[in-house]
Structure formats: C-alpha cells, structure tokens
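# Survey of secondary and tertiary structure
Residue-level listing of the chains:
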Amino acid sequence: MATHEVTFPVNDPQEILKLRAGDEVTVQGHIIGIRDRTQIRIFDQGIEPPMDLSGAFLLHTAPGVRKLEDGRYEKVCIGTTTSARMVRFTEPLGAQYGVRAICGKGGFPDDAIEPMQRLGMVYFAIVGGAAALETTQIEEIEEVAWEELMPECLWKFRVKDFGPLTVGIDAHGNSLYHDVQARAQEKLKELYARL
Amino acid sequence: MTTLVDTDLYHAVEDAAAYLYVWALKDIPQDLRDALEDAAGKETSVPGQRVLSTILKNVQVADSEKNLVCQDTGIAVYTCRVGEHFPLHPARIYAALKAGTERATIEHPLRSNAVHTLTRENTGPNTGHRLPIVHWEFVPDWDGLDVKCVPKGSGSENMSFLKMCVPADGVKGIKQFVLESIVGAGGKPCPPGIVGVGIGGSADYAMYLAKEAIARPIGTRNPDPHVAQLEEELFELLNETGIGPMGLGGDVTVLNCHIEHADTHMTLNPVAVNYQCWAARRASAHVAPDGSVEYDREF
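A few points on the structure. (Residues numbered from 1 in each chain as written. Chains lettered and ligands numbered in written order. Predicted model: local features only at pLDDT ≥ 70, side-chain atom pairs only at ≥ 80, totals over all residues.)

### As for the overall build of chain B
When its secondary structure is counted, chain B shows eight helices and nine strands. Taken over the C-alpha trace, chain B has a radius of gyration of 20 Å; the compact-globule value for 299 residues is 19 Å, and the two agree within 12%. Its C-alpha atoms put chain B at 60 × 50 × 40 Å along the principal axes. Residues classed as buried in chain B amount to 51% of the 299 residues present. Taking the intrachain contacts of chain B between residues at least 6 apart in sequence as the baseline, contacts between residues at least 24 apart amount to 78%. (Helix = DSSP H or I, 4+ residues; strand = E, 2+ residues; numbered from the N terminus. Rg over C-alpha atoms; globule rule 2.2 N^0.38 Å. Buried ≥ 20, exposed ≤ 12 C-beta atoms within 10 Å, placed from the backbone. Contact = placed C-beta atoms within 7 Å.)

In structure tokens, the structure reads:
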C-alpha cells in the first residue's frame, strides 16, 4: 500500500488513476464541502452550483462555524458525515461537473464502483469523528455559497496536509468496502453454524 | 422564599445542562481513552492501524485545542434521576435542561442540528418539539437530582435496528440479529464503538434499553449472569466479523458489547441494537437541593 500526496483541484486524470484501494493519501490545496441538501438542490431541484467543481475534491461535511462581523466565517469544528446517504449523486457529480474525488466516512455502497471506474473518480475514507484534528488541517474558509442552507451550504476550504485518508474505492473498480463485506458475509455463515 | 429556592435551583440545573453538553462533547471519559489505546495495540490491519492512531491523535488535539472531539453535536439526550423530595418539579427541570442546551449551543457556539422532521427546517439551537430528549427515573426517600448527558451523533444513531424475534428463535436468534446488524452497518457508525443491545420488554422498551446500555462505563457487565455471559460471547463474535476500524477491515470491530434486559411477554422476544460510535460521549452531574452541583462521569 503506497502513500501519496495530491493537490486539488486536479487537472491530470493520472493523478487519480495512480491511486489504489488501501493507499494512504494526504491532500493539499482546495476542497469543497457539500452535503445532503446541497446535492438535493443541485440535482433534484436543478439549480446550478455557483462554484466550479471540475477536478474537485468534495468533502461530505456540515461544519460548525462562527460568523464574523465582516460576513466571513471562521471555523469552530469541522468534521465529516456518513457518505452512504449521498451515493446516488456520484454519477452526475462526475459526469456533469467533472468531480474527481469524494471524501467522507463509512464508505459508499457498491453502486459507486462502476461510475467511479468509468469517470475516473475515487472515494477517500476519512476517520469519522476525528473532527478536532481535521479542523487544524483546514487553514481557512475561503468561500460560502447558499448560506440559507446553513450548515449544509457549499463551502470552499483551503487545506494543508489534510489526512491521512485511505483510498476506499479506486478508479479501477476496487472497493475495500465491497471486499470487507464479502469476507464478513462468508464469516457470518461460519459464525452462525457455531451458535 | 419558595420562589427564590425554585429560581436558584432552576438556574443550577440550567447551568449543569449547559456545562454537561459541552463537557461531554470535548472531553471523552478515561475508560473510553483506555479502550481505544487497547484497540490500537490489538489491531493488525494497515488501514485499521491508520484509523486508530488518527483517533488517538484526534483525542489529544481535542484536549490541546479545547475543541470538540467530533463536529456532530448530536441530539442532546439527558437521563434524570429525581429524588421524591427534590424541590424542583420535573416540568421545571425539563425547562431548565432545554434552556441549558440552547445556551450552550448559542454561546460556544455549537452546530445546531435540530430540524422539523417533515419540513427539515431548523427548529432552534439544538432544541425543538420534544427536543432535547429526557428520560426520567424517580427515586423514593431522596432529595437529590442526577443528570446524565449523552449527546448522540446521527452516524451511529442511524445504525439502530429492531427485530421482534419469536420465542422459538431463542438466544441464537438474538445473537444472529446482533451480528447481522453490525456487519450490515459496516463503517457507517464509526467503528470501533460500543454495541448496545436491549432484549425483552416491548418493542419501544427494548430500544430504550439498548440506548441505556451504550451509556454504561465501557466493559461493565450486566449484574444478571445470563446476560453478562451473552455480553462476553457477543463481544468476541463481533470482533470476528473483520469489519474493522471505520469499516476498512481489521481485528477490532467493537470496543465492547453492553446488554440491558427486561422481562417480557411469553410470546415476545424483542431485540434492539443501538450503536455508539468510538467517540462515546457522556457526562454527569449531581445537583443537591441547595443548588450545589458536583460533576462526575457517572451517576
């Protein structure tokens, strides 16, 4: 299992194709925070997102923030939510907007494997609940769109040494979650026989 | 005079609620820290080790930065044990807990998660219709109040399962349901955590008991030896599933399994599973009738 450093947004698809399920990744550059209501607005209500998502790294988050007098937002506690609820947006995020990476916790079900392979996307697993650490890796909240969805807005964060992340699903059709479930289902048969 | 006592006590309970909510979110209990260290020592998979060392680092950063361990401030759930001679009525205790939850949310500030369940519009600073949730116990021949706060995030609460097994399913049915629930949950509830199981009673009471179980100090055993044995067996079986830290595969899937039980109807065999994430937050306070408050981890 290799370790990589990737800067987002990415222009070169090779940056994504070199990543393999199980690899460790640290991220630099800019990432975009997104959540259930943000994606419902984009895809179910058909409203164009006011941020460029091409080559982007999306983080499943609804941050805890403090609004400053000048209208900007200061981080308080930023962590990551469960991804599985939002798996149906994977294909259109890649196909319509050119998103390259989705990061969350808990993994995506197998529905994500095919579109990620076809569109050259990866799923990064972060450690859920490790928000105190994650907050220190977010240098600044640079932009906020759709404030009326607070805290499920579109957020642009500048990050430094964001991670460690694990490649949960790569762009070659491999998913750690699929493999772990397949092994666990086999194991369950053995355990049931022992009960 | 009665009014004055009532007012002082009301504010003491409000202060306690506000303090407990934030304390629980920032500073996880020592028994949990020890269990996470043990887990890191046992785990052999590479992604699993990466997850556990990140968790331990995160707990340290939360201490040093005085930040929340996890951003999900959850739903504030309180359990109150009210002495029959405690001089503040439970209706006022509830109002004080609600006011304390709101104050903590606004002053810290904490992320407010509360929404109307149909419109999904925010209903207030972590409060709303029937929020916070408060469970009550009443204690005869006593004049004190114990308050425990267990804020529970949605990642783990979404992984709650209920099955009305039939008596012929027996203990085997209970074990199978717990195993299939935890395997099915995979990485979603932020493993390794505490698996709370409620057995017996009725459908609603079984889930309540599962929730009680996750709030116990980690690794404590049910006083009923039959139940304690089931806790040990399930703890071992669950760690054979290979789900591992954050569902990425590994040796440590759960930190422990706690079970609470109630006697039930002869034709019922309810099993409820309530998962508690690795950041198993809890904090308690004892309020004396004079309004003095002592903070502690347990009741």
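### As for the overall build of chain A
Scanning chain A from N- to C-terminus turns up six helices and nine strands. What you see for chain A is a C-alpha radius of gyration of 17 Å, in line with the 16 Å of a compact globule of 195 residues. Along the first, second and third principal axes, the C-alpha atoms of chain A reach 65 × 35 × 35 Å. Expressed as a percentage of the 195 residues in chain A, the buried residues total 49%. A separation of at least 24 residues holds for 64% of the contacts in chain A among residues at least 6 apart in sequence.

### Observations concerning helix H2 (residues 30-42) of chain B
Residues and elements named next belong to chain B. Its 13 residues place the ends of H2 19 Å apart at the C-alpha level, agreeing with the 18 Å of an ideal helix rising 1.5 Å per residue. Inspection of H2 places Leu 32, Ala 35, Leu 36 and Ala 39 among the buried residues, and these make up the whole buried set. In an axial view of H2, the angular spread of the buried residues amounts to 100 degrees, which keeps them on one side of the axis. Within H2, the exposed residues directed more than 90 degrees away from the buried face are Gln 30 and Gly 41. Each element contacted by the buried residues of H2 is listed here: helix H3 (46-65) and strand S6 (254-262). (Expected span 1.5 Å × (residues − 1). Arc of directions from axis to C-beta.)

### A short note on the packing of helix H6 (residues 176-194) of chain A against helix H6 (residues 170-185) of chain B
With their axes 11 Å apart at the nearest point, H6 of chain A and H6 of chain B run at an angle of 170 degrees to one another. The pairing of H6 of chain A with H6 of chain B is recorded here as roughly antiparallel in orientation. Residues Ala 184, Leu 188, Leu 191 and Tyr 192 of chain A of H6 of chain A form the contact with H6 of chain B, whose own contacting residues are Gln 176, Leu 179, Glu 180 and Val 183 of chain B. Here the residues of the contact of H6 of chain A with H6 of chain B are counted per class, giving six nonpolar, one polar and one charged. (Axes fitted to C-alpha atoms, helices over the stretch in contact; angles between N-to-C directions. Parallel < 35°, antiparallel > 145°, perpendicular 65-115°, else oblique. Nonpolar A, V, L, I, M, F, W, Y, C, P; charged D, E, K, R; others polar.)

### Here we look at the sheet that holds strand S3 (residues 145-149) of chain B
One key point about sheets: their strands pair by backbone hydrogen bonds, in either a parallel or an antiparallel sense. Residues and elements named next belong to chain B. Taken in spatial order, the five strands line up as S2-S1-S3-S8-S9 in an open sheet, and their pairing is mixed. Looking along the sheet, the strands with just one partner apiece sit at the ends: strand S2 (133-139) and strand S9 (293-296). Along the sheet, successive strands turn relative to each other by an average axial angle of 15 degrees, direction set aside. Bridge analysis of S3 against strand S8 (residues 283-287) gives five bridges, and the strand direction is antiparallel. Looking at S8, one finds that Val 147 is bridged to Ala 285. Running at roughly 150 degrees to strand S1 (residues 77-83), helix H4 (residues 90-107) makes contact with S1, S2 and S3 of the sheet. (Pairing = 2+ DSSP bridges.)

### Observations regarding the sheet that holds strand S7 (residues 269-276) of chain B
Residues and elements named next belong to chain B. If you walk across this open sheet you meet the four strands as S4-S7-S5-S6, and the pairing is mixed. Two strands bound the open sheet, and with one partner strand each, they are strand S4 (160-165) and S6. Neighbour-to-neighbour, the strand axes of the sheet open up by a mean angle of 15 degrees, direction not taken into account. Judged from the six bridges that link them, strand S5 (residues 193-200) and S7 form a sheet pairing that is antiparallel. Following the sheet pairing, Val 195 is matched in S7 by Tyr 275. The sheet contacts of H6 involve S4, S5, S6 and S7, and relative to S7 the element is tilted by about 30 degrees.

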